[in-house]
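Topology and contacts: notes
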Amino acid sequence: MNLDFQNIIFKYANYLFLLFILIVTQNELLNYETIEWDISSYLVASQDIKNFHVPNQNQWESKGPIFIYLYYLFSIISGKSFVIFKIINDLLLFTISIVLYEITYIKTSQKYIAFSASLFFILFMSQPWAISGYSEIYSLLFLSISYLLLLKFRYSKNIFVFIGILFSISTLINQGTVIFLIPLLVSEYFRSNQKKFINNSFRILFGFLIPHLIFLILYLMTGLIDIYFATFVTIPLGYISANYSTFYELIVFSREL
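Quick caveat: nothing in here was measured; it's all calculated off a predicted structure.

Here is what the cut-offs are and how they apply
- Throughout this description, residue numbers start from 1 for each chain and increase along the sequence as written.
- Only residues with pLDDT of 70 or above have their local features reported here, since the model is predicted, and side-chain atom pairs are shown and tallied only from 80 upward, although totals for entire chains, interfaces and linings are computed over all residues.
- To obtain the side-chain values, all non-hydrogen atoms of the structure were used and water was disregarded.
- Side-chain atoms within 4.5 Å link the members of a nonpolar core, which is a set of buried Ala, Val, Leu, Ile, Met, Phe, Trp, Tyr and Cys residues.
- Buried residues are those whose accessible area, probed at 1.4 Å on protein chains only, stays under 20% of the maximum for their type, while exposed residues exceed 50% and partly exposed ones sit between those limits.
- Secondary structure elements are taken from DSSP: a helix is a run of H or I of four residues or more, a strand is a run of E of two residues or more, and numbering for both begins at the N terminus.
- Two residues qualify as a contact provided that any one of their heavy atoms is within 4.5 Å of a heavy atom in the partner residue.
- Like-charged residues are merged into a patch within 9 Å and nonpolar side chains (Val, Leu, Ile, Met, Phe, Trp, Tyr) within 5 Å, provided each residue has over 30% relative accessible area and no salt bridge.
- Surface accessibility follows the Shrake-Rupley procedure with a 1.4 Å probe radius. Residue values consider only the protein chains on display as shielding.
- For this document, the term salt bridge refers to a Lys or Arg side-chain nitrogen within 4 Å of an Asp or Glu carboxyl oxygen.
- Here an angle of 0 to 180 degrees is reported between the N-to-C directions of two axes, which are lines fitted to C-alpha atoms, with helices fitted over the stretch in contact.
- To sort the angles, those under 35 degrees are grouped as roughly parallel, those over 145 as roughly antiparallel, those from 65 to 115 as roughly perpendicular, and the leftovers as oblique.
- Amino acids outside the nonpolar list (Ala, Val, Leu, Ile, Met, Phe, Trp, Tyr, Cys, Pro) and the charged list (Asp, Glu, Lys, Arg) are all regarded as polar, and Gly is one of them.
- By definition, any crossing whose near helix is turned counterclockwise from its far helix by less than a right angle is left-handed, and any crossing with a clockwise turn is right-handed.
- His residues and chain termini do not enter the charge count, which takes Lys and Arg as positive and Asp and Glu as negative.

Once that is clear, we can look at the nonpolar core. By size, the foremost hydrophobic cluster in this structure holds 56 residues, and its most contacted members are Tyr71, Tyr138 and Ile173. In terms of residue count, helix α4 (residues 82–108) provides more of this core than any other element does, 8 residues in total. Those residues within four positions of Tyr71 in sequence are excluded, and the remaining contacts are Ile39, Tyr42, Leu43, Ser46, Phe85, Gly133 and Tyr138.

This part takes up a nonpolar patch on the surface. Taken together, the side chains of Val178, Ile179, Phe180, Ile182, Val186, Tyr189 and Phe190 present a nonpolar region at the surface, about 730 Å² in accessible area. Residue position: Tyr189 is located in helix α8 (residues 181–191).

Their axes nearest at 11 Å, the elements helix α3 (residues 65–77) and helix α9 (residues 194–221) cross at an angle of 85 degrees. Considering the angle they form, α3 stands roughly perpendicular to α9. Two secondary-structure elements touch here, α3 through Pro65, Ile66 and Tyr69 and α9 through Phe215, Leu218 and Tyr219. Taken together, the residues of the contact of α3 with α9 sort by class into 6 nonpolar, no polar and no charged.

This part is about the packing of helix α7 (residues 159–171) against α9. At a minimum axis distance of 7 Å, the contact between α7 and α9 shows a crossing angle of 40 degrees. Our classification of the angle between α7 and α9 gives oblique. In this structure, α7 crosses over α9, and the sense of that crossing is right-handed. Note on element contacts: α9 touches α7 through Asn200, Arg203, Ile204, Phe206, Gly207, Phe208, Ile210, Pro211 and His212, opposite Phe160, Val161, Gly164, Ile165, Phe167, Ser168, Ile169 and Thr171.

Within the fold, Arg203 resides in helix α9. We note that Arg203 is buried and unpaired, the nearest opposite charge coming from Glu188 at a distance of 8.7 Å. Here Arg203 is in contact with Lys157, Phe160 and Val161, once residues within four sequence places are set aside.

See the structure below:
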């Protein structure tokens, strides 16, 4: 058995073990219909899609429209079974752990470190109020894939447009993830000369604008442009000016973990 084949077997054995750990940790409370009200609220909001309404038209949620569309899609796929819906969300979390494995292996060339990083991530997400199904997990899927593509295809010019699109989809799921554009651009600034940095930044921002322009036109055509701006500008700015309860929640989360 050659070394390459052994590495492949080892990697996929790690994947299976990670899947087993994820199933155990994420589904400990599978028999409970409601752990937190957020998931149920998102499901209710997504059902308005079947009436050919745009997200947030009749029931407002603080999340972006792609998140609502994905929730509706997964509710249809699950056959309206809440258990199957939870399992689908577990598969999203598993995909992120695999992407994390690949990213860590590229960065370190150490398969044990890659496995440990993914295992730690799954265990970190094992808290009852950190389970799959939240918008942050959906956004992380697109952000992690974009970073993996950046590591693998950095020297392809067109990849930066695609990365911008993935970042945009992430913000159309959870608006707060727009902040991750900053470290991406800063990283490119220190990695590239001025001309290359400007070109790559332009490609990223061009790709970033494409999905947002599509939804901007959609809300404009339906006469709901005020909802679009409220979702992506007015209310997020209100969150920023709010108190520091988020830092307290982080302390509570860390203590519980």
